[in-house]
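Here's the letter readout for the chains.
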Amino acid sequence: MRTQVGIVGAGPAGLTLAQLLRAEGIESVVLEARSREHVEHRIRAGVLEQGTVDTLVGAGAGERLRREGIVHHGIRLQFGGERHRVPLSELTGGAAIVIYGQTEIVKDLIAIRLAAGEPLLFEVEDVAVHDLESDLPRITYLHDGRAHELECDLIAGCDGFHGACRAAIPAGVLTEFSREYPYGWLGILAHAAPAHDEVVYCHTDRGFALLSLRSPEVSRLYLQCRPDEDVAGWPDERIWEELEARAGIPGHSLNRGPIAEKSITGMRSYVAEPMRHGRLFLAGDSAHIVPPTGAKGLNLAISDVTLLAEAIAGRHRSGGTALLDAYSDACLRRVWRAEHFSWWMTSMLHRPPDADPFDLRLQQSQLRYVVQSEAMARSLAENYVGLAGAAALTVPGAPAPA
Ligand code: RFL
Ligand code: PHB
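Residues numbered from 1 in each chain as written. Chains lettered and ligands numbered in written order. Predicted model: local features only at pLDDT ≥ 70, side-chain atom pairs only at ≥ 80, totals over all residues. Heavy atoms only, no water.

A. Looking closely at the nonpolar core. Membership of the largest hydrophobic core comes to 74 residues, with the highest contact counts inside it found for I7, L17 and I139. At 11 residues, helix α8 (residues 297-318) tops the list of elements feeding residues into this core. Not counting chain neighbours up to four residues away, the residues in contact with L17 comprise I7, A156, C158, V305, L308 and A309. Residues Y222, A377, A381 and Y384 belong to the second largest nonpolar core, which totals 33 residues. (Core = buried A, V, L, I, M, F, W, Y, C linked by side-chain atoms within 4.5 Å. Buried < 20%, exposed > 50% of the residue type's maximum accessible area, 1.4 Å probe, protein only. Helix = DSSP H or I, 4+ residues; strand = E, 2+ residues; numbered from the N terminus. Contact = heavy atoms within 4.5 Å.)

So this is what it looks like as structure tokens:
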């Protein structure tokens, strides 16, 4: 079999790329290791930057997002028992964020692709990429018990942090940067009306907590825990009590309800450079990871594939590779801004396991500075909503985009 772009992974990056390419009249085949059911129910991100929303809407995948997405114009920072508002829109000339679950984006994109009859295969095994440095890279895989080979012009590695694509790049090509944090997040999805009207980031001396939401009936709540902790040690009652202890303040208590999902995730920062080897292009979590405190992972994945689709379309139209050659550097500029912001938010809000009173006072001082200084609040706000123009494809020697 032959296609123009072989896409490995049907997460937000792979599915969005396929949809963007289709709009340009470029064929692709999407290969996913897990089942449709699994991919559609993997609860993860929920905060979308305006640029992410624009890409999805522009790609024709925004119909339900526009109807059901909840626009927020601010976030809250809670510390020392007080809740402070960071007015994102006021500080950024009108930018906002949209609350819409990653699961819903994935469901929307899968439905569109299957309805169009475009190739998207689930439960594909033993995916391997070959001949990356040649003009005809290949993907081999097993599907329905049979071995297949897909010849491609290009391969997009959208298969997440543990995928096969980055691992196939020969040793010595990539430079990797990483940091592990001694923190985990216990996340729950609860059928309880959010009592908070905006996302609340809470710093306490018991550790961090985050109050988010998915709809007027569903709360998404997180507690800092150890990264290696067993979720079995967190019966529902303990979770609610700990959330109340960290996030409850006079006049703001939580609504409780049945817990539909409960899981613990460790945190890391990671970047692989460059995001390309020959005809393999990495996008999303396959190339970089951020701790979730800045709500950047999904947004970076969508930003990468927006640039990749533009670069592939440029090559398709003119045969030139200048935009593809500019892809990795353009992505990495935005990636590193998000890496710094996510590390900064994480360091400011979590309680280090060996924290001494000095550390906690520094964090409190930093938080107070953020809510008291308009310059600091604006810096947080413009990173949180996503810096406009932080990732544009520029070609050396060509005029900069307006
Ligand atoms: P994904 O979503 O991991 O998708 C990769 C896909 O590739 C498949 N795969 C393979 N397929 C074929 N062959 C192989 N060998 C394969 N190996 C893997 C996988 O099954 C999967 O379907 O990566 P992608 O598309 O790059 O998307 C990235 C985002 O999922 C991720 O960055 C975000 O979820 C991070 N994140 C958040 N990001 C935000 O922008 N805002 C948030 O509010 C936010 N909150 C979060 C988060 C991540 C979290 N966790 C669980 C890590 C909250 C949490 C708790
Ligand atoms: C979420 O709603 O899942 C969420 C919100 C903010 C974050 C991370 C996750 O920083």
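Structure's up, so let's keep going.
B. Looking closely at the site of ligand 1. Close to ligand 1 lie 33 residues, the nearest being E32, R42, Q102, D285 and L298. Interatomic distance of 2.6 Å between a side-chain N/O atom of E32 and an oxygen atom of ligand 1. A distance of 3.1 Å separates an oxygen atom of ligand 1 from a polar atom in the backbone of A295. Here ligand 1, which alone exposes 1,000 Å², has 87% of that area covered by the protein. Top contributing element to the shell around ligand 1 by residue count: α8, with 4 residues. Counted by class, the shell around ligand 1 contains 16 nonpolar, 10 polar and 7 charged residues. (Near = heavy atom within 4 Å. Polar contact = N/O pair within 3.5 Å; in protein donor to acceptor, adjacent residues only side chain to side chain. Areas by Shrake-Rupley, 256 points an atom, 1.4 Å probe, with all protein chains shown as cover. Nonpolar A, V, L, I, M, F, W, Y, C, P; charged D, E, K, R; others polar.)

C. Region of interest: the site of ligand 2. Around ligand 2 sit 13 residues in total, of which Y201, S212, R214, Y222 and P292 are the nearest. Here an oxygen atom of ligand 2 sits 2.8 Å away from a polar atom, N or O, in the side chain of R214. Taking P292, its main chain carries an N or O atom lying 2.9 Å from an oxygen atom of ligand 2. Coverage of ligand 2 by the protein amounts to 96% of the 280 Å² it exposes when considered alone. Ranked by the residues each element gives to the shell around ligand 2, the list is headed by strand β14 (residues 209-215), at 3 residues. Partitioning the shell around ligand 2 into residue classes produces 7 nonpolar, 3 polar and 3 charged.

D. Inspection of the packing of aromatic side chains at higher detail. Summed over the entire model, instances satisfying the criterion amount to 10 aromatic pairs. An angle of 75° between the planes, with centres 5.8 Å apart, marks the rings of F281 and Y327 as edge-to-face. Residue F281 is located in strand β18 (residues 280-282), and its partner Y327 is located in helix α9 (residues 322-349); the two are separated by 46 residues in the primary sequence. Judged by relative accessible area, Y327 falls into the buried class, the value being 0%. Here the aromatic cluster, defined as three or more aromatic residues joined through ring pairs, consists of W185, Y201, F208, Y222, F341, W344 and Y384. (Phe/Tyr/Trp six-rings, centres within 6.5 Å; stacked < 30°, edge-to-face > 60°.)

E. Quick peek at the sheet that holds strand β7 (residues 97-99). A sheet is described by the order of its strands in space; here 3 strands give the open sequence β3-β7-β4, paired in antiparallel fashion. Only two strands of the sheet have a single neighbouring strand rather than two, namely β3 (47-49) and β4 (70-72). Across the sheet, the axes of successive neighbouring strands diverge by a mean angle of 35°, strand direction being ignored. One ladder, built from 3 bridges, connects β4 with β7; its direction is antiparallel. Paired with V71 across the strands is V98, a residue of β7. (Pairing = 2+ DSSP bridges. Axes fitted to C-alpha atoms, helices over the stretch in contact; angles between N-to-C directions.)

F. Summary view of the packing of helix α10 (residues 357-372) against helix α11 (residues 374-385). Running from N to C, α10 and α11 point in directions that differ by 95°, and their axes come no closer than 5 Å. Between α10 and α11, the angle is such that the two are roughly perpendicular. Counting all contacts with α10, which are made through Q366, Y369, V370 and Q372, the residues of α11 involved are E374, M376, A377 and L380. The class makeup of the residues in the contact of α10 with α11 is 5 nonpolar, 2 polar and 1 charged. (Parallel < 35°, antiparallel > 145°, perpendicular 65-115°, else oblique.)

G. Looking closely at the environment of Q4. The topology assignment puts Q4 in strand β1 (residues 2-8). Note: C-alpha distance between Q4 and L21 (17 residues apart in sequence) is 9.9 Å. Of the polar contacts made by the side chain of Q4, one reaches the backbone nitrogen of E27; its length is 2.7 Å.

H. Quick look at the sheet that holds strand β16 (residues 259-273). Read from one edge to the other, the open sheet built from 8 strands follows the order β6-β5-β13-β14-β15-β12-β16-β19, with strand pairing classed as mixed. One side of each edge strand has no neighbouring strand; the edge strands of this open sheet are β6 (82-86) and β19 (288-289). The pairing of strand β5 (residues 75-79) with strand β13 (residues 200-202) spans 3 bridges and is classified as parallel. Among the inter-strand pairings, L77 is bridged to a residue of β13, identified as Y201.

I. Broad picture of the pattern of salt bridges. Counted by the stated rule, this structure contains 27 salt bridges. Here E104 ties to R64 by a salt bridge, and the two come within 2.9 Å at their closest N and O atoms. Placement of E104 in helix α6 (residues 102-115) and of R64 in helix α4 (residues 63-68) is noted, with a sequence separation of 40 residues between them. Since its relative accessible area comes to 19%, R64 is described here as buried. R138 is paired through a salt bridge with E149; the nearest N and O atoms lie 2.7 Å apart. Note that R138 is positioned in strand β10 (residues 138-143) and E149 in strand β11 (residues 146-157), a separation of 11 residues in sequence. When its relative accessible area of 36% is taken as the criterion, E149 is described as partly exposed. One connected set of salt bridges, linked through shared partners, spans E63, R64, R67, E68, E104, K107 and D108. (Salt bridge = Lys/Arg side-chain N within 4 Å of Asp/Glu carboxyl O.)

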